[in-house]
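Topology and contacts: notes
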Amino acid sequence: MAPFSSIADIVAALPADDTWGPATAPDNMLDGVPYAPFSKGDKLGRMADWTAESKDPQRAGRQAYNRNYRDQQVYGAGTSSLFNVQVAEDESSFSVVDNTRTSTKRTFGRGGGTVFRGRGQRGGAQRGGRAGFQRVGAGRGGQGGDRYYDNRGGRGNRGGRRFGWRDYDKPQRTREPSVNVRPEWSMLEEVDFSRLSKLNLETPEGEDLDSYGFLHYYDRSYDKAPVKNAERRLQSLDRAAYNVTTSQDPVIQELSDKNEATVFASSDILSMLMCATRSVYSWDLVIVHQGNKIYFDKRDGATLDLVTVNENAIDAPLEVPDSSNKQEAINTPSALAMEATFINHNFALQTVAESEDAKVTFNHPNPFYNAAEETEPLASKAYKYRRFDLSLERDEEPLNMIVRTEVDAVMKNPTPGGEDQQLVVKALNEFDSKAQGSGGALDWRSKLWSQRGAVVATEMKNNSCKLARWTTQAILAKADGMKLGFVSRANARSAAAHVILGVVNYKPRDLASQMNLNLGNGWGIVRTIVDRIRALDAEEDSEKVKKYVLIKDPNRSVIRLYSVPATTFEEDEEAEAAEEAAKAEESEE
């Protein structure tokens, strides 16, 4: 063929049906293989990266890993892998998980593992975890062994829930209510604790109206640390002590007839209402509205008279129904409450020096004691009736409240010429520091005097409601001090005998500040309940007796107000009185 002299000769030599450019292919076909177009959303990476696969392990560190991770999605990576060639596995792209050296040194613990507790090791799987349990070298000398964490584990395993001690087998806590709600009761209000905690009412200190009873002097020898192997036994003393409900108090009835106040209550009932947001167990109050007077009462045998144990502990004591194990039966909430009530009664009697010549007598004798019928001597107790002003600026008439408060003993003032100090005497009790429900308490026998702050702090956490009630009662009574005794079982497996390990002295206001107890919040709760009761009966017959029951839900942080018939609980009292009379007649026969 002769050479072409110009481009025109080349074009003239081409076939007539030929066109300029690559050969056309069928749609979506490339040499018989379907063609997958690239996505416009794919990321564009490097055109060439000669350092992506480094044979030097020192250079293929975190920088190479980050680069490879960043360039995982290059242009076209989101499409099908149909065109990828399956190559043989390259061992250079794999890394060993357990890359620690096997140590031939002798290790401690079962299986060659060692358990450490403290700050987590930097660079490990648990980074910076404080006070977590970690098991290293589990039998094979590597860090790939099992790791255990307690409920205070650190920042490792961030994606999952941190379980506490034996969370997996904790039984469901379903508590019973303190009183069964009857069909004829009508619920009027339901308030949760979050709303109650926002209430506040600043109330001035009350004024003393009158005082009854007498007080013995406190024995200050109990304040000293006990001598080793010479612990004092808690004695069982027979003394007449009374805890009469509000409406049956003859002094309150007399003050009500004189219109000295509008609302009446006793300190043990009022303290439960003021510290309601700290309570866990179920309780109930009876509120009687007659005329323009409101009485806060309690039922016979109510749970308010019992002293709870570790109510606020995270792992509180459990009820064991129909338990044949004696050890479990004495550590149930009901059994512990009876034990604590017995301890408090006897501790207040034992720590005073009974002497007819050295005692403080108040204006009137004990209003509940009848010398003609009682055979037991009276216990050291003073009843102070005090009035508090709950009025607001918007009130047309003042709203006053009379509270019957109690004081247990007196003590000589260390200041020369000072007045005697009035005391409230209570006791905390230890049942078994290793048993379920102890709440992580320390062993009092060995730690009470060496680590007293830690022991008291644990009790404030586990018995927040009980201590708050005692502190509130002391402040309401305007007591000068509180004596908190620490009483433990002589034998942890028996609730029959107890020993006194020590006594700690507190000022009520100081203890309230340590516990973050706000009395203004308590007075706000009381005023809110009173306003609700007055609003319900504002348009009805004022002389008709209205009765209400305030119940704390046993399983929720909620209180409910019920309207009940006026004869509620009275038929129960009559039935109990008839049964007691029948038993008395049978015994006489």
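Structure report, in brief. (Residues numbered from 1 in each chain as written. Predicted model: local features only at pLDDT ≥ 70, side-chain atom pairs only at ≥ 80, totals over all residues. Heavy atoms only, no water.)

Along the chain, the regular secondary structure elements total 13 helices and 20 strands. In the chain, which comprises 589 residues, the proportion classed as buried is 39%. Sequence-distant contacts in the chain: of pairs separated by 6 or more residues, those separated by 24 or more amount to 71%. Surface accessibility of the chain: about 36,300 Å² in total, with carbon and sulfur atoms responsible for 49%. (Helix = DSSP H or I, 4+ residues; strand = E, 2+ residues; numbered from the N terminus. Buried < 20%, exposed > 50% of the residue type's maximum accessible area, 1.4 Å probe, protein only. Contact = heavy atoms within 4.5 Å. Areas by Shrake-Rupley, 256 points an atom, 1.4 Å probe, with all protein chains shown as cover.)

Attention now goes to helix α10 (residues 464–476). In this model α10 runs 18 Å from its N-terminal to its C-terminal C-alpha over 13 residues, within 8% of the 18 Å that 1.5 Å per residue would give. With 13 of 13 residues buried, α10 lies mostly within the body of the structure. Within two residues after α10, Lys478 carries a phi angle of roughly 55°, on the positive side. (Expected span 1.5 Å × (residues − 1).)

As a further point, take the pairing of strand β10 (residues 293–297). The buried fraction of β10 is high, at five of five residues. Sheet analysis places strand β8 (residues 263–266) next to β10, joined by two bridges and oriented parallel. Within the sheet, the bridge partner assigned to Phe264 lies in β10 and is Tyr295. Bridge count for strand β9 (residues 284–290) against β10 is five bridges, and the pairing is antiparallel. For Ile287, the partnering residue across the bridge sits in β10 and is Phe296. In sequence, β9 turns back onto β10 through a hairpin of two residues, with Gly291 there showing a positive phi of about 65°. (Pairing = 2+ DSSP bridges.)

Moving on: unusual backbone geometry. The phi dihedral of Lys478 falls on the positive side, at around 55°, and the residue is not glycine. Since its relative accessible area comes to 46%, Lys478 is described here as partly exposed. At Asn516, a residue that is not glycine, the phi angle is positive and equals roughly 60°. Structurally, Asn516 can be placed in the loop between α11 (508–514) and α12 (519–536). For Asn516, a relative accessible area of 66% puts it in the exposed group.

Here we come to the pairing of β9. Across a regular strand the side chains alternate sides, sitting on one face of the sheet and then on the other. Most of β9 sits inside the fold, with six of its seven residues counted as buried. As paired strands, β9 and strand β19 (residues 546–552) are joined by six bridges and run antiparallel to one another. If you follow Val286 over to β19, its bridge partner there is Val549.

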